[in-house]
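Each chain is listed here by its residues.
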Amino acid sequence: MPAEPVLTEIDHVAIAVRDLDAAVAYYEAAYGVEVEHRETVERDGVEEALLRVADSYVQLLTPTRDDSPVAKWMEKRGEGIHHVGYRVDDCAAALERVKAQGHQVIDDAPRPGSRGTTVAFIHPKTAFGTLIELVQE
Ligand code: CMX
Ligand code: CO
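Computed from a prediction, not measured in an experiment: that's the story for all the values here.

### Focus on the packing of aromatic side chains
Aromatic rings considered in pairs are described by the distance between their centres and by the relative angle of their planes. For the structure on display, the rule yields three aromatic pairs. Arranged with centres 5.4 Å apart and planes meeting at 90°, the rings of Tyr26 and Tyr27 form a pair that is edge-to-face. Seen from their ring centres, Tyr26 and Tyr31 are 5.3 Å apart, and the 85° between their planes marks the pair as edge-to-face. Three or more aromatic residues joined by ring pairs form one cluster here, namely Tyr26, Tyr27 and Tyr31.

Now the structure itself:
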């Protein structure tokens, strides 16, 4: 076991919504938080808005196409919390550690995320029902 924890901070809590503009307007008006970054991630078929809360973000996500993982998820479960992103110093090392312990992962190797990050997703099946994203800034 390493002396230091692998997860250093909560990077974001991702929330799947049908209407991104309406959700952004709600967070801004009700909680006074602001959009710091907005991006369409073609590979994942999502558009995201990142709203800063202290050192972390709320990541509002909406699908851009029907085969997006977020579209499929919302069909089954409706809107709501989709995944948690944790900051790590070294995404590849963190991913290898999870794999070495026999847990199921989605990304076999780190890949580009939004805003220039490097990310890897861990499968919810062996993660007690939560989709986990490892985020290296
Ligand atoms: N949270 C918890 N469980 C989830 C889940 C989620 N977000 N998404 C799917 N699951 C569960 C399903 O309930 C299902 O469980 P059961 O078999 O018990 O019913 C199982 O995982 C498989 O789900 P599925 O509907 O068959 O969905 P797929 O296999 O098509 O895909 C997943 C599931 C997690 C592999 C896929 O959503 C994925 O690759 N996600 C990672 C990428 C992603 O979400 N990108 C968008 C975000 C971009 C960003 O954050 O920057
Ligand atoms: Co995310």
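### Remarks on the site of ligand 1
Residues in close proximity to ligand 1 total 20 residues, the closest being Lys72, Lys76, Arg77, His82 and Lys125. Here Asp44 contributes a side-chain N or O atom positioned 3.2 Å from a nitrogen atom of ligand 1. Between ligand 1 and the protein, one listed contact pairs a nitrogen atom with a backbone N or O atom of His82 at 2.9 Å. Among the detected pockets, ligand 1 sits in the largest pocket.

### Section: the coordination of the cobalt ion (ligand 2)
Bound to the cobalt ion (ligand 2) are the protein donor atoms His12 (NE2), Gln59 (OE1), His83 (NE2) and Glu133 (OE), situated 2.1 to 2.4 Å from the metal. Here the donor residues of the cobalt ion (ligand 2) are spaced in sequence according to H-x46-Q-x23-H-x49-E. Of the two residues, His12 is situated in strand E1 (residues 7–16) and Glu133 in strand E8 (residues 132–136); the sequence distance between them amounts to 121 residues. Assigned by exposure class, His12 and Glu133 land together as buried.

### Let's talk about the sheet that holds strand E7 (residues 118–122)
The strand order across the open sheet built from eight strands is E2-E3-E4-E1-E5-E8-E7-E6, with neighbouring strands paired in mixed fashion. If you trace the sheet from one side to the other, it starts and ends with strand E2 (35–41) and strand E6 (111–112), each paired once. Sheet contacts for helix H2 (residues 69–77): E1, strand E3 (46–53), strand E4 (56–63) and strand E5 (80–88); angle to E5, the most-contacted strand, approximately 140°. Contacts between helix H3 (residues 91–100) and the sheet are confined to E5, E7 and E8, with E7 contributing the most and set at about 15° to the helix.

### Here's the deal with the nonpolar core
Ile15, Val17, Leu20, Ala23, Val24, Tyr27, Val33, Ala49, Leu51, Val58 and Leu60 together form the largest nonpolar core, which totals 11 residues. Elements represented by at least two residues in this core include exactly helix H1 (20–31), E3 and E4. For this core, the element with the highest residue contribution is H1, accounting for four residues. Those residues within four positions of Val17 in sequence are excluded, and the remaining contacts are Ala23, Leu60, Leu61, Thr62, Pro63, Met74 and Glu79. In terms of nonpolar packing, the next biggest core, distinct from the first, is built from 10 residues, Val105, Ala120, Ile122 and Ile132 among them.

### Quick notes on the pattern of salt bridges
Scanning the model with the defined rule gives 14 salt bridges in all. It is possible to trace a salt-bridge network through shared partners that takes in Glu9, Asp11, Arg87, Arg115 and Glu137.

Calculation notes
Residues numbered from 1 in each chain as written. Chains lettered and ligands numbered in written order. Predicted model: local features only at pLDDT ≥ 70, side-chain atom pairs only at ≥ 80, totals over all residues. Heavy atoms only, no water. Phe/Tyr/Trp six-rings, centres within 6.5 Å; stacked < 30°, edge-to-face > 60°. Near = heavy atom within 4 Å. Polar contact = N/O pair within 3.5 Å; in protein donor to acceptor, adjacent residues only side chain to side chain. 1 Å grid on protein atoms, 1.4 Å probe; cavity = no way out; pocket = protein on both sides within 12 Å on 5 of 7 lines; lining within 4 Å. Sits in = over half its atoms within 2 Å of the grid points. Donors = N, O, S within 2.8 Å, 3.2 Å for Na, K, Ca; no water. Helix = DSSP H or I, 4+ residues; strand = E, 2+ residues; numbered from the N terminus. Buried < 20%, exposed > 50% of the residue type's maximum accessible area, 1.4 Å probe, protein only. Pairing = 2+ DSSP bridges. Contact = heavy atoms within 4.5 Å. Axes fitted to C-alpha atoms, helices over the stretch in contact; angles between N-to-C directions. Core = buried A, V, L, I, M, F, W, Y, C linked by side-chain atoms within 4.5 Å. Salt bridge = Lys/Arg side-chain N within 4 Å of Asp/Glu carboxyl O.

The values reported here are purely geometric and, on their own, carry no functional implication.
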